[in-house]
Structure formats: structure tokens, C-alpha cells
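So you can see what is in the structure, the chains are spelled out below.
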Amino acid sequence: MRLKFSITALLLEVIIIVLFGIFVEYENRDTFLSSYPYFQDVHVMIFVGFGFLMTFLKKYGFSSVGINMLVAAFGLQWGTLMQGFWHMKGGKIHVNIKSMINADFSTATALISFGAVLGKTSPLQMLIMTLLEITIFACNEHLVTKILQAMDVGASMTIHAFGAYFGLAVTLILYRPGLKNKHENEESTYNSDIFAMIGTLFLWLFWPSFNSAIASDETFQVKAIVNTYYSLAACTIITFALSSLVDQRGKFSMVLIQNATLAGGVAVGTCADMSIHPFAAMCIGGIAGIISVLGFRFLTPLLSSKLNIQDTCGVHNLHGLPGILGGIAGIVVTAIKEEVRQDVISTPGMQAAALGSTIGIALAGGALTGGILKLPFLGQASDQNCFDDSVYWEVPEEEKLHEIHSNNYDEHSRFEANM
Amino acid sequence: MRLKFSITALLLEVIIIVLFGIFVEYENRDTFLSSYPYFQDVHVMIFVGFGFLMTFLKKYGFSSVGINMLVAAFGLQWGTLMQGFWHMKGGKIHVNIKSMINADFSTATALISFGAVLGKTSPLQMLIMTLLEITIFACNEHLVTKILQAMDVGASMTIHAFGAYFGLAVTLILYRPGLKNKHENEESTYNSDIFAMIGTLFLWLFWPSFNSAIASDETFQVKAIVNTYYSLAACTIITFALSSLVDQRGKFSMVLIQNATLAGGVAVGTCADMSIHPFAAMCIGGIAGIISVLGFRFLTPLLSSKLNIQDTCGVHNLHGLPGILGGIAGIVVTAIKEEVRQDVISTPGMQAAALGSTIGIALAGGALTGGILKLPFLGQASDQNCFDDSVYWEVPEEEKLHEIHSNNYDEHSRFEANM
Amino acid sequence: MRLKFSITALLLEVIIIVLFGIFVEYENRDTFLSSYPYFQDVHVMIFVGFGFLMTFLKKYGFSSVGINMLVAAFGLQWGTLMQGFWHMKGGKIHVNIKSMINADFSTATALISFGAVLGKTSPLQMLIMTLLEITIFACNEHLVTKILQAMDVGASMTIHAFGAYFGLAVTLILYRPGLKNKHENEESTYNSDIFAMIGTLFLWLFWPSFNSAIASDETFQVKAIVNTYYSLAACTIITFALSSLVDQRGKFSMVLIQNATLAGGVAVGTCADMSIHPFAAMCIGGIAGIISVLGFRFLTPLLSSKLNIQDTCGVHNLHGLPGILGGIAGIVVTAIKEEVRQDVISTPGMQAAALGSTIGIALAGGALTGGILKLPFLGQASDQNCFDDSVYWEVPEEEKLHEIHSNNYDEHSRFEANM
């Protein structure tokens, strides 16, 4: 394991540096410096947002925030190349602030898929998955935005739905019967749930930047910001209301507040820069909240028990279903586009094709990737070592003591019970 | 409880969406996109700053950061409407980046008041309080800035003093004799105090953006940034010095470092965009630090024991007293305004009237709101369930085990003591 | 202790405010408002980045994030004056957004040195060190950038190498034989390591802003952003690969991920705004990662055991060695400058002189400062009280209980062992 990961990572990095040496140049005149604050917001979402959102597991915080960093740092380099190959000029990829935004975007797909398999894969498997997923993502993105000319400014389809269904296909192929019953480590602690809220909040706060970062001009950028802001706010109130409603004792559930509150940002993405009216944005956000809460409550257990899809973070409910909702909203909006925006050349059919191709390619690509990740060479952890940092990380001694201590306590209790 | 909260929240959200459908439009030409980075800083302050600042309680972190999110997401929608109604054009409220900044601002009042009642109210009560407080806030803000034409760029009066005295009035009306003696949950843990520092730092860092976000042009914006930066720095050194000085063993107190270091941002708010000189800004910051430390050390216990005002987070010392100091600084500065800024049309009398009306309306509005929150229908938690997330949230099992364990340990100790 | 710290801090703050009153004015026309987002990124790095990076120790989180705040808030005021004295016009220091960026920069040197002595010094000692270090830093910076005309846009030399070697000299003079063997508090917990990742990530994310904030125009600013982005990404992959490789069981080490991943930002600093090509930036980042990992693994133990240099945070590996690498890269780049940038007037000799003078002045200044900090008047903690917040902070009761509890447990174990 030790040498396999290290050598693969070093080799990949050397290959990437060589490819950069051959193909990458600075953009001569970068007119995108004004987008730098948007880039920084997206950058925080990718590393802090996604990273901390996944720290909710009690013994998997190092991996969540650490492997998230590994995947993102690797992915942004690979994404620069993969996306760049589709837009070369004179045989060169020209990098600027906008291509950095797109590179960060491309890593989001891998991080979403990481959420589906969280706790069940090795760092080496994650590197391979990132490599394959971003390659396929770049092809699908080219298909959707250049060939089908579909609109998808906030990437509800190309990033969120793609990343979710890719990850679901991977986790289906990597299915572990041994995890059918809830693993003892697959739960949160009080502090881990608060750490996860750091991720939630930075995602929630900067989502307007995510949906507006690559809008084509300032007018559309403002629209995307305003629509996302109100969509998320409406989604949040609906999520709190339903979280209490679906619980038998009426209590809020942290997993819902951490995740479903964000669904409004995903769902409004495709048509965020359109003049859909804040009212419509809020309706989309509200519906996304409903879908996401119901998905977590009813669909995730079903997927796991009936379809053998073990989706650790519930990415289907945060990115998958709301991503499809975003795609459908895009179809509807283009159908009435005369009223919303003159320069949109996409048709409802194109939008539908974009949505369908995205999900199809994601599922096929994920299944293929899952098959490759299953190769014995990549050696994943045993079932009982799942959701446990100590397999891949040096963990402070104290924790081990604490474990002994807990066991001790358990014995103590048993002892008392016997008396 | 379960149905009451859910139905009220859903109903309010539906009403808000309908009102948005009727009244809200995009601004035709938004010239405020350049303010977007300021908006984002304020946005982080509202959700991460206020949210994490209140996580200091050992068993109330979910509510602090979660209900903070609920209040803010609800408040920003309601604030858009309430502030918008005072500035309609052609029967429509036009939203843009600036109105988003103001919507976020309006939520700050409710979050400050939330700090006063933290741990003692239900989520449903907080929704109602937010609804009422932002309605009254929008009226007072209109009175202060449009009718009295008072200056208050950083909102020392209209947000900080208003939110604090509103919250103090609410908590007075909701007085619980059973909490006269310190509740066992009303304390911090090592980790909860560090979580709270996340809130403190993001508030401290982005306060220059808060005080400059709606300054009328770039010259004044720079002044507000520079003045707030140095005011906060001076306040911080004074707070550390006094924190050690007022402790018997000379030790720093986390509650003071978390809160009093911020008083300089509040107090310099009213006149932040004036040419008051960095020297004067630092004097204001230093005095704010002194007032705030002394308030936490001597006034808060007094308010609780003599006046039945139970101020959980000490918002009186962070927002109330420094807010009044800011108001007084505004009176002084307008009195010598020839030297500082020609275009200020406010007089010392107007500033004093603004300060007085703000405190008066806050106290009256808070008392009225407190009375409504007392309605049995809204059912608040019993005294012994205060400051405890598990009343309204699903809390990880581990914590409960830990509790059993602690009890076990206590019994063990008692057992040993008996021997 | 109590009076000494408080009186010194109050006195210093009064002196600073008086000096501000005499010397500091607003810049008449500030053309740097467009740099405000860069300032805010740097501001977050200084207070959240450095502060949380040092929270990794299990009982020293309050001091890490709290004294970091004290040092930074004091340092930015003192830095404004010390840097300002070298650039006075008409006997006045003119402050604007750019001077705020530089003031924040100057605090970074003191915070880096704080990392070297972390856990072993008193708050009073830290105030004195900050005072002296920033004074000497401002002189060296003037020497390097104005007299030697060396390029150092991201301050690899003037901040990182300077802060590191200054801190190493201080910690050498303050050498404690009693800490030769690892102190029982000098370790992390699971949560403290995750807190530290908050610091790591905000430093990592905003480093492109750090290296570009004071670049002379937009073209160079974009270069600095792009180079730093890819340098950090390459460094991160190399760090993960080597972290696994140098561990016997192939496990990742949190201390390496928290620190060595950042070395790429330091090392690319000096020549970040040059057209060195992303390829070269990635090579510099990769080499920085290698040097940093090897430094942590092999050099730090050696420095401690052979040279009596006890470097708590390993600043030598994060700031010292990568800073020197940055300086060397600067020499190489100026040697071939015709190809990279016409307006650079610095020569390889000047760059070498800048690097040498920086290290020499840092070591001499640090030794002098260490000697002053040793004065009995400043009274530092005993060896056994090192790395322990409770010496300078009120710490929640629970922790003490927990300690009693742990002891209890230890006795329990011993009891069992005896049976």
C-alpha cells in the first residue's frame, strides 16, 4: 500500500508537470482579473466547503478534509489539462483566472462522487477515480455546452447531477454486503456535526458566486447572484420545516440541515442567470428542499437496502435529484425563452438532451470507473476498517486510549448488569 | 410542538414567496456589482460570525449555528420586503446587490437579540421574534436615516443598539426565576470555546466591510475601512490588558476575548466614514474595549440579579453599550462637522434624536414582542431543559452515553467519598 | 504577572495611539480600493490561517488562536508606524489599503516566530518580541526592497525566511533543557488536528492573494496568482506522496499535511510575478514539498537534539527552508531575466545579498531579542507548565474534571494490573 500510493502519486505529478511544460502557457491578456473574488469564493467552497461538509463522521475527519484536499489539488491540475485540450489555440492551453475557476469546478465532480463512496475507498482509489472522472467530465461538458449549446451556468447538470450519478455508479459497483447493516463508525459526534456545519455554511454563503462566476456579462451575473441568494433562503426555511415534520418527535436532524439546505443552490443553477424572477427562484429552491429532505428520509435507505447503492453522504439527495430538478427547470425556461432572454439559442430539446447525456455518461463512466477501482492491485480496506482514519493516517494516541477506555466502560456496564 | 413549528414555517415561507411574486422585481440596471465582495464579507459575518460566536455553550452548538441559520435565512427574505416597502417605485421593490446587503443587515438585529435569549426560547418563538423585530427595525431605520437624516453608516445605532435593547426587553419579559442561579449547562467546554473563536475572528476580520459596505462613495468607503481596522486593533489590545487586570489571578477570560475585542467595530460604526482621523478611531475603539470588559465583569451579573435581565451572550456589552458610545460619537462628530465633512446635513440634535428613538423603539418593541412570545401557544422549554440542544435536535448517541458515563463517574466518586 | 502584562500592554497602546495622533494621516486619494479583496484574503490568513494552524496542540488552543490575535492586532499597529517611518511625506505617514496590506504582512513575521516558541513563552514576552521583531523587519525590508532593489513580491525572503530564522534564534537563546524529552502536552488530539486544518486551508486558499497583493500592476498580479495556484497544487501532491513514503506503515501524518502542503506558496513567492511559466512554478512547488517533508522528518529532531533549537511548529520547514529556496529561485530568475521581465532592475548579486542580509539580520535580531526575553522581569512559565493554556487562561471546569477522571482511570488500570 505504502509504495503503491506514493509511487502512483509521484508519477502522476511528474506526468502532469511535463504536460504543463509542453502545453500550458499564460493567457496573453487576462481580462478576467475582476473575476478573482468569484474564484476565491469557489476555491473556499471546494476546499473548506466540501472538505468540512464531510467531517461529520466520528472517526473520518482527517480523511474527509485531507483526502478532499488531495483530490482537489490533483483534480485542478488534471482539470486544467482536460478542459484545456478542448480549447487549445496554436497547440497551447492558455491559463487565466477563468480557467482556474473552471479547473476548480471540474474538481467538484470528483468531490461529489467522493461523498458517495466516503469511508469505503483508499486514497489511491480516489486518485484513480479523480483522474478518470475529470477526463470524462471534460468530454461531457464539451458535449453539453459546445455541441448541444445547452445553458447550464451554475452547472446543475454538468457538475452536480454528473458527480452524483457517477459516484452512485461507482459505489454500486463497489457494493459491500458487509456494510448492509449500519457500520458502528458510520455516525457522527457532537463536535463532528459542528465541524460539518463549517462546510455547510461556506458552501451556502458562496453559492451565489458559484452560480455566477462564469456568467457571460455583469447583467447576468447579478441575476445569478440574486436568484441563488433567494433560492437558498427559501430552501432553508422549507428544510427546517420538513426536518421537524418528518421526525417522529419533531426534532431537527443535523444531516438534513447540513445538506438539504444547500439543494436550492444546486437546483437553481442551470437557469440562474436567466430573468426567471426571484419568485420562481424561490419556488425552485423550495421544491429542491422538499425533494432533498424526502430523499434523505425515504429514498437513501431504499437505495441501500433494495438497490445496493450505499451513498455515504447522501449525494443523491443534495446533488443528484436537485441537479435533475435544475435540468428540468432549464427545459421549462428555454421553452418560454422569448420572455426571459433573447440571446439563448438553446431549445428545450437541447436542454433535455444535455440532461439525458449527462446522466447517461455519468452512470456509464461511473460503472467503468468502479470496475477499475475493484482491481485487486488497488487494495481497499476491509469492511470493518471502513469509516476509520487510522487505516490511512497516524491518529493521536489519546484516541486509542479513549477507545480502550470506552471498552473498559462497556465491560464495566456489563459487569454491573450482571450483578 | 412538531406541527406548530413546521406549519408556521411553511405558512410564512408561502406568504413570503407570494409577496415576492407580487412586489419584487430585479433592479433594471444594477450598478452595485462592485459591492459584491463587501456583500460576501457581510454574508459571512451573519452566518458564520454570529452563528459560531454563539457556539460557546457546551450543549447548545447545534442550536447556535443552526437556529442562527434559520433566523438569518428567514430574516433576509422578510427584511427584503420590510425595507423594500419603504422604497417602492411603481409599486415594486427592486432588488440588487445593495438591497441584499441591507437584507443581511436587517437580520443582524434579530441575531443580536437571539444572543440575549439564547438557550431559553424555542425555534418557533425565534421565527416570531424575527418577524416582529425586522418589521419594527425597518420602521426605525426609515425614521433615523430618512426622516431624521442621521448618519449611521456602520449602524451602531440602528442595528447594534437596536438589536441589543430589543433583545434585553424580550429577555426581561421572558424572565425565568428558575435560572437565577447559574444553570449547569450554561458553561463552555474547551472545544466549544475554540469553535466560538471562529465566529469572533470572522466578525473581527470583516467588520471593516460591514462599516463601509453602504458608504456613499469610494472616498468614504476607504475612510470607513481604515477607521474600523485601527479601532478594532486598539480595542483588542485594551481588551487583553483589562481581561488580565480584572481577573484575580491575572488570567485571560475567553468570554471577554470572544466578545469585547469586537466592541471597537460597533462603536466606530456611526462615524466610520467621516474624516475623524485614525487617532480618534483608535480612541473610540479603546474606550469601547474598556466599557465592554467592565460591562461583562460588573454590569451583566447586576442586570441579572437586580433587574431580572438574563442576557445569555452579554449582547448588552458587545452591542448595547458600544452602540450607545457610537451614537454619542456621532453627536460629537456632527457638532464639529465643518471640519470633518461638508455634505453631512445631520445636526447633533438629529443624531441625539436618532439615538433616543432607536433605544426607545427597541425597548418598547422588545417588550411587546416578549409579551407575544409568552403566549402559551408557543410553548417554551422548561427551565431544566434550557441550554440543551437535545430538546429540539437529534443529538448523536455518543453524547448520551457520555452523560450516562459522567453520571456513572459521579456515582463512583460519591461511592468513594462514602468509603 | 497580572499587573506586568496589563500595564505594559496599556502603556504600549497609549504610546501607539499618541504616535498615530502625531504622525498618521489618511492618504488623500486612495487608488488602492480595488486591492481591498486582496487585503481581506491576507487578513483572513493572518488571523484565521496562522491562528488556527497552531491550534494543533491538545491544551494550547486558546493561546494559539488568542495570543495570535493579540500579536497580530498589536503588530499591525506597530507595523504601520515602523514601515511608515521609512516612507514619510511631509513628516506624515499616509495610510490606505496598501499600507494596511503591508501592516498585516509585517505581523506575519512575528506570527512565524511565535510558531517557533509556541507553548514556551508568556503573552508579555510575545508583546516584546513583536515590538522588536517588527522594528527590525521594517529595517531589513527597506534594505532589501529599496536599497538592494531586490524583487520579493511574495516576501519569501523578507517575511518567511526572516520570521523563521528570527524565531529559531529566539528559541535557541530561550533553550529549555527540561524539554529535551518530549513534553506530555506537546501532542495533538483528534479535534485539535481538525481545528488546525481550518488554518491550513485558509492559508493554502488565499496564498495566491498573499503573493499578488502588492504586485505592481494587473499583468503581474495575474502571473502571481496563476503561479502560486499551481505551485501549491503540485506541492500538495508531492507532500501526500512523501508523507506516506517516509512513514514506516505508509500512513499520512497530519503535521505534514497541515504544514508541508503550504511550502509551495512560500517558495514561489520571490519570483511569483515573473513570467517563469506555470511549469517552473510547479517545479518550485514540488521541490518545496520535498524539502519541507524531509525537514520535518529528519532535520527538526536533529536541530532539537544536536543544536538545542526547539522549534514547536517546525517553522524552519514551512517558512525557513522554503524561504531560502524562494530566495535562490529569485537569484536564478534574475540571472536569466531578459527572458522573463524587462523592468526588473535587480541582479543575481543583489538578490543574493538580499537573501544573505535577511538571514543574517534575522539571526542577529532574534538572538538579541531572545536575550531580552530572558530577563527575569518577564518571567516565563516553568517547564512543566509549558504547552498549557491554564497558566494564562481561565479554562472550563469540565477539562479539569476530565483530568481528574483520566487520573482516576489510570489508577483504575493500575489497580487492575495489580490484580
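Residues numbered from 1 in each chain as written. Chains lettered and ligands numbered in written order. Predicted model: local features only at pLDDT ≥ 70, side-chain atom pairs only at ≥ 80, totals over all residues. Heavy atoms only, no water.

For chain A, the name recorded in an unreviewed UniProt entry is Ammonium transporter Rh type A, with Tyto alba as its organism. UniProt's Subunit (unreviewed entry) comment on chain A is quoted here verbatim: "Homodimer. Heterotrimer; a RHCE monomer interacts with a RHAG homodimer. Component of the ankyrin-1 complex in the erythrocyte, composed of ANK1, RHCE, RHAG, SLC4A1, EPB42, GYPA, GYPB and AQP1. Interacts with GYPB (via the N-terminal); this interaction bridges the (RHAG)2(RHCE) heterotrimer with the SLC4A1 Band 3 I dimer complexed with GYPA." In its Subcellular location (unreviewed entry) section, the UniProt entry covering chain A states "Membrane". (UniProt positions renumbered as here; feature names shortened; annotations may be inferred.)

K.L.:
So what about the interface of chain A and chain C? Which residues, and what values?
P.N.:
Taken together, the contact pairs 66 residues of chain A with 61 residues of chain C. Summed over both partners, the interface of chain A with chain C buries about 5,700 Å², with 74% contributed by carbon and sulfur atoms. The largest per-residue losses of area from chain A upon contact with chain C belong to A:Arg2, A:Tyr26 and A:Met69, which jointly make up 14% of the total buried on that side. For the interface between chain A and chain C, the tally reads zero salt bridges. Our enumeration of links across chain A and chain C arrives at 21 residue pairs in polar contact (both at pLDDT 80 or more). Elements with a contribution of two residues or more to the side of chain A that touches chain C: α1 (2–23), β1 (24–26), α2 (36–53), α3 (61–85), α4 (97–117), α7 (190–212) and α15 (397–418) of chain A. (Contact = heavy atoms within 4.5 Å. Buried area = accessible area lost by both parts, 1.4 Å probe. Salt bridge = Lys/Arg side-chain N within 4 Å of Asp/Glu carboxyl O. Polar contact = N/O pair within 3.5 Å; in protein donor to acceptor, adjacent residues only side chain to side chain. Helix = DSSP H or I, 4+ residues; strand = E, 2+ residues; numbered from the N terminus.)

K.L.:
If you had to explain the side chain of A:Ser6 to someone new, which residues and values would you point to?
P.N.:
Relative to the helices and strands, A:Ser6 resides in helix α1. Discounting chain neighbours no more than four positions away, the residues touching A:Ser6 are C:Ala241, C:Ser244 and C:Leu245.

K.L.:
Any chance you could break down the packing of aromatic side chains for me, citing the residues and the numbers?
P.N.:
Inspection of every chain in the model, using the stated rule, returns 63 aromatic pairs over all chains. Seen from their ring centres, B:Phe137 and B:Phe162 are 6.1 Å apart, and the 65 degrees between their planes marks the pair as edge-to-face. A residue pair is termed long-range when its members are at least 10 positions apart, and B:Phe137 in helix α5 (residues 123–147) and B:Phe162 in helix α6 (residues 156–173) qualify at 25 residues. For B:Phe162, a relative accessible area of 0% gives the class buried. Members of the aromatic cluster, connected to one another through ring pairs, are A:Phe5, A:Phe62, A:Trp393, C:Tyr190, C:Phe240 and C:Phe252. The cationic tip of B:Lys223 hangs over the ring face of C:Tyr26; the distance from NZ or CZ to the ring centre is 5.1 Å. (Phe/Tyr/Trp six-rings, centres within 6.5 Å; stacked < 30°, edge-to-face > 60°. Buried < 20%, exposed > 50% of the residue type's maximum accessible area, 1.4 Å probe, protein only. Lys NZ or Arg CZ within 6 Å of the ring centre and 35° of its normal.)

K.L.:
Can you lay out a nonpolar patch on the surface for me, pointing to particular residues and giving the numbers?
P.N.:
Residues A:Val14, A:Val18 and A:Ile22 make up a contiguous nonpolar surface patch of roughly 250 Å² in combined accessible area. Looking at the element boundaries, A:Val18 is found in helix α1. (Patch = residues over 30% accessible without salt bridge, like charges linked within 9 Å, V, L, I, M, F, W, Y side chains within 5 Å. Areas by Shrake-Rupley, 256 points an atom, 1.4 Å probe, with all protein chains shown as cover.)

K.L.:
Give a description of the interface of chain A and chain B that names residues and reports values.
P.N.:
By a widely used convention, the size of an interface equals the accessible area lost when the partners come together. Listed by partner, the interface residues are 61 residues for chain A and 65 residues for chain B. For the pairing of chain A and chain B, the buried interface totals around 5,700 Å² over both sides, and the portion due to carbon and sulfur atoms is 74%. Seen at the junction of chain A and chain B, the total is zero salt bridges. Between the two partners, chain A and chain B, sit 21 residue pairs in polar contact (both at pLDDT 80 or more). Broken down by element, the side of chain A that touches chain B gets its largest block of residues, 19 residues, from helix α8 (residues 218–245) of chain A.

K.L.:
Outline the pattern of salt bridges, listing residues and values.
P.N.:
All names here are of chain B. Per the stated rule, a full pass over the model turns up nine salt bridges over all chains. A salt bridge links Glu-187 to Lys-58; its shortest N-O distance comes to 3.2 Å. With a gap of 129 residues between them, Glu-187 in the loop between α6 and α7 (190–212) and Lys-58 in the loop between α2 (36–53) and α3 (61–85) connect regions that are remote in the sequence. A residue is classified by how much of its surface remains accessible, and Lys-58, at 22% relative accessible area, is partly exposed. As a salt-bridge pair, Asp-383 and Arg-176 come within 2.6 Å of each other at their nearest N and O atoms.

K.L.:
Summarise the packing of helix α4 (residues 97–117) of chain B against α5(B); cite the residues concerned and give the values.
P.N.:
Residues and elements named next belong to chain B. In the contact formed by α4 and α5, the axes pass within 9 Å of each other and the chain directions differ by 125 degrees. Judged by the inter-axis angle, α4 sits oblique to α5. For the element pair α4 and α5, the recorded crossing hand is right-handed. Mapping the contact onto sequence places Asn-102, Ser-106, Thr-107, Thr-109, Ala-110, Ser-113, Phe-114 and Val-117 in α4 and Met-126, Met-129, Thr-130, Glu-133, Ile-134, Phe-137 and Glu-141 in α5. (Axes fitted to C-alpha atoms, helices over the stretch in contact; angles between N-to-C directions. Parallel < 35°, antiparallel > 145°, perpendicular 65-115°, else oblique. Left-handed = near helix turned anticlockwise from the far one by under 90°.)

K.L.:
Give a detailed account of unusual backbone geometry, specifying residues and quantitative values.
P.N.:
Backbone geometry places A:Phe387, a non-glycine residue, at a positive phi of 55 degrees. Here A:Phe387 is to be found in the loop between α14 (348–373) and α15. With phi around 85 degrees, C:His277 is a residue other than glycine that occupies positive phi space. As for its placement among the helices and strands, C:His277 is situated in the loop between α10 (263–267) and α11 (278–307).

K.L.:
Please provide a residue-by-residue account of the relation of the copies chain A and chain B, values included.
P.N.:
With an RMSD of 0.0 Å, the operation that places chain A on chain B is a rotation of 120 degrees combined with a shift of 0.0 Å along the axis. Such a combination of turn and shift is consistent with a three-fold rotation axis. Rotation axis and chain A: the residue whose C-alpha lies nearest the axis is A:Pro37, separated from it by 3.9 Å. Taken together, the interface assignments show that only 10% of the residues at the interface of chain A recur at the interface of chain B, consistent with different surfaces on the two copies. (Least-squares fit on C-alpha atoms with pLDDT ≥ 70 in both.)

K.L.:
Now, about the confidence of the model for chain A: what can you tell me, with residues and values included?
P.N.:
Residue and element names in this part refer to chain A. A residue-level look at chain A finds 92% of positions with pLDDT of 70 or above and a mean pLDDT of 91. Taken as a whole, residues 404–419 scores under 50 in pLDDT and shows 13 contacts with residues more than four places along the chain or in a different chain. The ipTM for the predicted assembly is 0.93, set against a pTM of 0.94. (pLDDT = per-residue confidence, 0-100.)

K.L.:
Account for the packing of α8(A) against α3(B), with residues named and values stated.
P.N.:
Where α8(A) contacts α3(B), the two axes come as close as 9 Å, and the packing angle between them is 130 degrees. Accordingly, the angle class assigned to the pair α8(A) and α3(B) is oblique. In the packing of α8(A) onto α3(B), the handedness of the crossing is left-handed. Together, A:Tyr229, A:Tyr230, A:Ala233, A:Ala234, A:Thr236, A:Ile237 and A:Phe240 of α8(A) and B:Gly66, B:Ile67, B:Met69, B:Leu70, B:Ala73, B:Phe74, B:Leu76, B:Gln77 and B:Thr80 of α3(B) make up the contact between the two elements. Class assignment of the residues belonging to the contact of α8(A) with α3(B) gives a composition of 12 nonpolar, four polar and no charged. (Nonpolar A, V, L, I, M, F, W, Y, C, P; charged D, E, K, R; others polar.)

K.L.:
Hey, could you go over helix α5 (residues 123–147) of chain C for me, with residue numbers and the actual values?
P.N.:
An α-helical turn contains 3.6 residues, so any two residues separated by three or four positions project in the same direction. Residues and elements named next belong to chain C. With 25 residues, α5 extends 35 Å between its outermost C-alpha atoms, agreeing within 8% with the 36 Å of an ideal straight helix rising 1.5 Å per residue. With respect to burial, α5 is a largely interior element, 18 of its 25 residues being buried. Backbone geometry just downstream of α5 places Gln-149 in the positive-phi region, at approximately 55 degrees. (Expected span 1.5 Å × (residues − 1).)

K.L.:
Lay out the environment of C:Ala155 in plain terms, naming residues and giving numbers.
P.N.:
All names here are of chain C. Tracing the sequence through the fold places Ala-155 in the loop between α5 and α6 (156–173). A relative accessible area of 5% places Ala-155 in the buried class. A C-alpha to C-alpha distance of 27 Å links Ala-155 and Ser-304, two positions 149 residues apart in sequence.

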